[in-house]
There are 2 protein chains.
Amino acid sequence: MQKEHNLSKNQKIIFDLIDKSGGPMKAYSILFNVQKKGIKAPLQVYRALDKLVEIGKIHKIESRNAFIACQNSSCQVSKATAFSICESCENVSEISNSKLSKYLSNFSDSSGMKYSKYNLEFFGLCKKCKSK
Amino acid sequence: MQKEHNLSKNQKIIFDLIDKSGGPMKAYSILFNVQKKGIKAPLQVYRALDKLVEIGKIHKIESRNAFIACQNSSCQVSKATAFSICESCENVSEISNSKLSKYLSNFSDSSGMKYSKYNLEFFGLCKKCKSK
DNA sequence: TAACAGTATGTAATAATATAACATTTATAA
DNA sequence: TTATAAATGTTATATTATTACATACTGTTA
Ligand SMILES: [Zn+2]
Ligand SMILES: [Zn+2]
Ligand SMILES: [Zn+2]
Ligand SMILES: [Zn+2]
């Protein structure tokens, strides 16, 4: 069961924008798009992004410095994430594959590290771009 | 067999620095450290880093915006990388686990994406930091 | 050797991403 | 209510990365 977080005003504005965009968005592009709603400074954007990441409503695509709405309703926190990224059209989607997530969540090695989180990014060509 | 790349002067200076450091280094910290060797501008550093990443001598730790020398002699290119990152002391090491790399290199799903590359970052606490 | 192509370098300016510091306001709950 | 945590507003600044343009080096081929 996913905990309901009541988003604050700025958090809601920014989440809705990212969610509606359907893809990854960069912080300053978000800023540009919400200036008409009164959010004027980078820090206002970054604070909302930080919180949204923390509660798992969005994830950061590290290799792109971009943020995408969680496409997996069961993601409560951003602690086990996998994405596929098309290097041609930059389309990104969240992978939800229970075998993969089980495999990675249970991964351990001889280093003595206790893993509590992972982020995996796959790169390649999407169906459309392959056939061009 | 790993192809021998003859590193250029700047590439060699920067690779040696990162390699000797034993851990991840950030671009501007690299810049600071090589100024006495005549490398004065960010672009000189970024160009060398780009090339070193391309040929697999170093990898970028995306979540940290940092670069680490390849610890896996068989990495010819940065196309299948996995790291463990301690969130307390920021120690990073490259994971070379053939089962893991085989599993991820062979991963495919129903999306129609053809994956040619991945990067995986595990986060947690290292042995030392766990016992504090 | 000369001409060429590809790679690397040097330099200045600037773009893009992210955080520090401080004051104030709003929401939550004991 | 009163305390506390969370969120906001604002300015300035730090950090990371690229554009643009000129020059030099390296290896290959005519
Ligand atoms: Zn998710
Ligand atoms: Zn594509
Ligand atoms: Zn490697
Ligand atoms: Zn540690």
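The structure under discussion appears in the preceding block.
Residues numbered from 1 in each chain as written. Chains lettered and ligands numbered in written order. Predicted model: local features only at pLDDT ≥ 70, side-chain atom pairs only at ≥ 80, totals over all residues. Heavy atoms only, no water.

Asker: Can you explain the relation of the copies chain A and chain B? Please cite residues and give values.
Answerer: Once turned by 180 degrees and shifted 0.0 Å along the axis, chain A lies on chain B with an RMSD of 0.0 Å. Taken together, these values place the two copies in the relation of a two-fold axis. Measuring from the rotation axis to each C-alpha of chain A, the shortest distance belongs to L120 of chain A, at 2.2 Å. When you check the interface residues of chain A against chain B, 100% turn up at the interface there too, and the contact is symmetric in its surfaces. (Least-squares fit on C-alpha atoms with pLDDT ≥ 70 in both. Contact = heavy atoms within 4.5 Å.)

Asker: An account of the environment of L104 of chain B is requested, with residue identities and associated values reported.
Answerer: Tracing the sequence through the fold places L104 of chain B in helix α4 (residues 98-105). A relative accessible area of 1% places L104 of chain B in the buried class. Measuring from C-alpha to C-alpha, the distance between L104 of chain B and V53 of chain B comes to 20 Å, with 51 residues separating the pair along the chain. Among all residues touching L104 of chain B, those that are not within four sequence positions of it are L100, L120 and F122 of chain A together with Y118 and L120 of chain B. (Helix = DSSP H or I, 4+ residues; strand = E, 2+ residues; numbered from the N terminus. Buried < 20%, exposed > 50% of the residue type's maximum accessible area, 1.4 Å probe, protein only.)

Asker: So, the protein's contact with DNA strand D: which residues are in play, and what are the values?
Answerer: As a structural note, the neighbourhood of DNA strand D is formed by 16 residues, with S8, Q44 and R47 of chain A together with K26 and K60 of chain B the closest of them. Of all DNA strand D atoms lying within 4 Å of any protein atom, the proportion belonging to sugar or phosphate reaches 47%. The separation between a phosphate oxygen of DNA strand D and a polar main-chain atom of N10 of chain A is 2.9 Å. R47 of chain A has a polar side-chain atom sitting 2.5 Å from a base nitrogen of DNA strand D. Counting residues per element, the ones that place at least two in the surface near DNA strand D are α1 (9-21) and α3 (42-54) of chain A together with α3 (42-54) of chain B. Broken down by element, the residue count for the surface near DNA strand D peaks at 4 residues, all from α3 of chain A. For the surface near DNA strand D, the per-class residue count stands at 5 nonpolar, 5 polar and 6 charged. (Near = heavy atom within 4 Å. Polar contact = N/O pair within 3.5 Å; in protein donor to acceptor, adjacent residues only side chain to side chain. Nonpolar A, V, L, I, M, F, W, Y, C, P; charged D, E, K, R; others polar.)

Asker: Before we move on, can you summarise the protein's contact with DNA strand C with the specific residues and values?
Answerer: Around DNA strand C, 16 residues are found, and the nearest of them are K26, L43 and K60 of chain A together with Q44 and R47 of chain B. A share of 47% of the atoms of DNA strand C within 4 Å of the protein falls on sugar and phosphate groups. Contacts to DNA strand C include S8 of chain B, whose side-chain N or O atom sits 2.8 Å from a phosphate oxygen. Secondary-structure elements contributing two or more residues to the surface near DNA strand C are α3 of chain A together with α1 (9-21) and α3 of chain B. Looking at the surface near DNA strand C element by element, the count peaks at 4 residues for α3 of chain B.

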